[in-house]
Amino acid sequence: MASLTDHLAELVEDADAVLLFSPTASFHDRFVADETGDRSEERAEIVVVAPANDVDADPFVELPIPFRDVRDRIRFGVEGAMEADLVTEGDEVVCVVSVFEGESDAVIRVTVDETVHTGIYDLFVESRADPSVIRDVLEVAIELGKKGQKGKPVGALFVVGDAGKVMNKSRSLSYNPFEKSHVHVGDPIVNVMLKEFSRLDGAFVISDSGKIVSAYRYLEPAAEGVDIPKGLGARHMAGGAITQDTNATAIVLSESDGLVRAFKGGRLVLEIDPEEY
Ligand SMILES: Nc1ncnc2c1ncn2[C@@H]1O[C@H](COP(=O)(O)OP(=O)(O)OP(=O)(O)O)[C@@H](O)[C@H]1O
Ligand SMILES: [Mn+2]
């Protein structure tokens, strides 16, 4: 009689690559030790995907944020591996992840295609802005979505990178409190300011290096051919469209459904529920 292991072996059969997400050192060692053994058959590439390379892995893909949604975490890892030419379209990839807190507890097999390849890696790594700036702005938006402003849900729009062009395609709604200041996202005081000013209309414009260029900008991009999810309005349309018209990335917190979304190249690339962070 076939055992459980026999039944489930299919899940890992003929894999082109194995992605280990935040493996412990001992778990990772098992895979590496194995690689020096039998070389008679074609071996799957072992890739570590984690916030930091604690296990000295090579190849290694760095996770900029934890990605509580496992699908997003896997997409990021797969795209990072594609970028490094470790996997290509059509490959079979086995991902070993932790769904609940703690050690690896799930094996997920994916075929690399457009459902997996959504541009989530590019959002961080190939944006005009530094990956850490994108991450810091996402974190402010997530914080704001979690707590709201004085307990009430609040919306916000952050346009990150290519700030000169963004300024040219927008106009001021009110005096700019950041006019003469040289402050950057990621600084705790600045994050408090961003949250405070988010009660008012318009968008924040942030430079490639994370400098807050302006608040209260009314964006006037050409919105032709930009698709945004149904039920969302002008804020998301403007946020999506500005990323088609410039090389900026838009991070939008919705007041109506509470989700944080990231747009790039006029496309919705990432959707995060702040309550899950
Ligand atoms: N072109 C724009 N540029 C900057 N901010 C805008 C623009 N259009 C709308 N906003 C801001 O978005 C706010 C909400 O507008 P609207 O309800 O139409 O957007 P939405 O996409 O439905 O977002 P939400 O889900 O937060 O309601 C407006 O009060 C305004 O502050
Ligand atoms: Mn609305």
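Values in this document were obtained by computation on a predicted structure and should not be read as measured data. (Residues numbered from 1 in each chain as written. Chains lettered and ligands numbered in written order. Predicted model: local features only at pLDDT ≥ 70, side-chain atom pairs only at ≥ 80, totals over all residues. Heavy atoms only, no water.)

Student: What is the right way to look at the sheet that holds strand S10 (residues 249-253) in this model?
Tutor: Taken together, the seven strands give an open sheet; going across it, the order is S7-S9-S8-S6-S10-S11-S12, and neighbouring strands pair in mixed fashion. A single partner strand is all that each edge strand has here, and the edge strands are strand S7 (170-172) and strand S12 (267-272). Neighbouring strand axes in the sheet, compared pairwise and without regard to direction, differ in orientation by 30° on average. Bridge count between strand S6 (residues 156-160) and strand S8 (residues 203-206): three bridges; the pairing is parallel. Looking at S8, one finds that Val 160 is bridged to Ile 206. Lying on the sheet, helix H5 (residues 131-147) is in contact with S6, S8, S10, strand S11 (260-264) and S12; it crosses S10 at an angle near 10°. (Pairing = 2+ DSSP bridges. Helix = DSSP H or I, 4+ residues; strand = E, 2+ residues; numbered from the N terminus. Axes fitted to C-alpha atoms, helices over the stretch in contact; angles between N-to-C directions. Contact = heavy atoms within 4.5 Å.)

Student: Looking at this model, I keep getting lost on the nonpolar core. Mind explaining?
Tutor: For soluble globular proteins, nonpolar side chains are generally found buried alongside one another. In this structure, Leu 19, Val 78, Val 93, Phe 158, Leu 194 and Ile 251 are the most contacted members of the largest nonpolar core, which totals 58 residues. Element by element, the count of residues in this core is highest for H5, at eight residues. Not counting residues within four places of it along the chain, the set of residues in contact with Phe 158 comprises Val 137, Val 140, Ala 141, Leu 194, Phe 204, Ile 206, Thr 249, Ala 250 and Ile 251. In this structure, Ala 203, Ala 238, Ile 242 and Phe 263 belong to the second largest nonpolar core, which totals 17 residues. (Core = buried A, V, L, I, M, F, W, Y, C linked by side-chain atoms within 4.5 Å. Buried < 20%, exposed > 50% of the residue type's maximum accessible area, 1.4 Å probe, protein only.)

Student: What's the story with a negative patch on the surface in this structure? I'm lost.
Tutor: Residues Glu 10, Glu 13, Asp 14 and Asp 16 make up a contiguous surface patch of negative charge. Relative to the assigned elements, Glu 13 resides in the loop between helix H1 (4-8) and strand S1 (17-21). Note on Glu 13: relative accessible area 43%, which makes it partly exposed. (Patch = residues over 30% accessible without salt bridge, like charges linked within 9 Å, V, L, I, M, F, W, Y side chains within 5 Å. Areas by Shrake-Rupley, 256 points an atom, 1.4 Å probe, with all protein chains shown as cover. Salt bridge = Lys/Arg side-chain N within 4 Å of Asp/Glu carboxyl O. Lys, Arg positive; Asp, Glu negative; His and termini not counted. Charge placed at Lys NZ, Arg CZ, Asp CG, Glu CD.)

Student: What is the right way to look at the site of ligand 1 in this model?
Tutor: Taken together, the neighbourhood of ligand 1 is formed by 15 residues, with Asp 201, His 236, Ser 254, Glu 255 and Ser 256 sitting nearest. A distance of 2.7 Å separates an oxygen atom of ligand 1 from a polar atom in the backbone of Gly 233. At a separation of 2.9 Å, an oxygen atom of ligand 1 approaches a polar backbone atom of Ala 234. For ligand 1, the accessible surface in isolation is 620 Å², of which the surrounding protein chains cover 77%. Those elements giving two or more residues to the shell around ligand 1 turn out to be strand S9 (212-219) and helix H8 (234-245). For the shell around ligand 1, the leading source of residues is H8, giving four residues. Tallied by class, the residues present in the shell around ligand 1 amount to six nonpolar, five polar and four charged. (Near = heavy atom within 4 Å. Polar contact = N/O pair within 3.5 Å; in protein donor to acceptor, adjacent residues only side chain to side chain. Nonpolar A, V, L, I, M, F, W, Y, C, P; charged D, E, K, R; others polar.)

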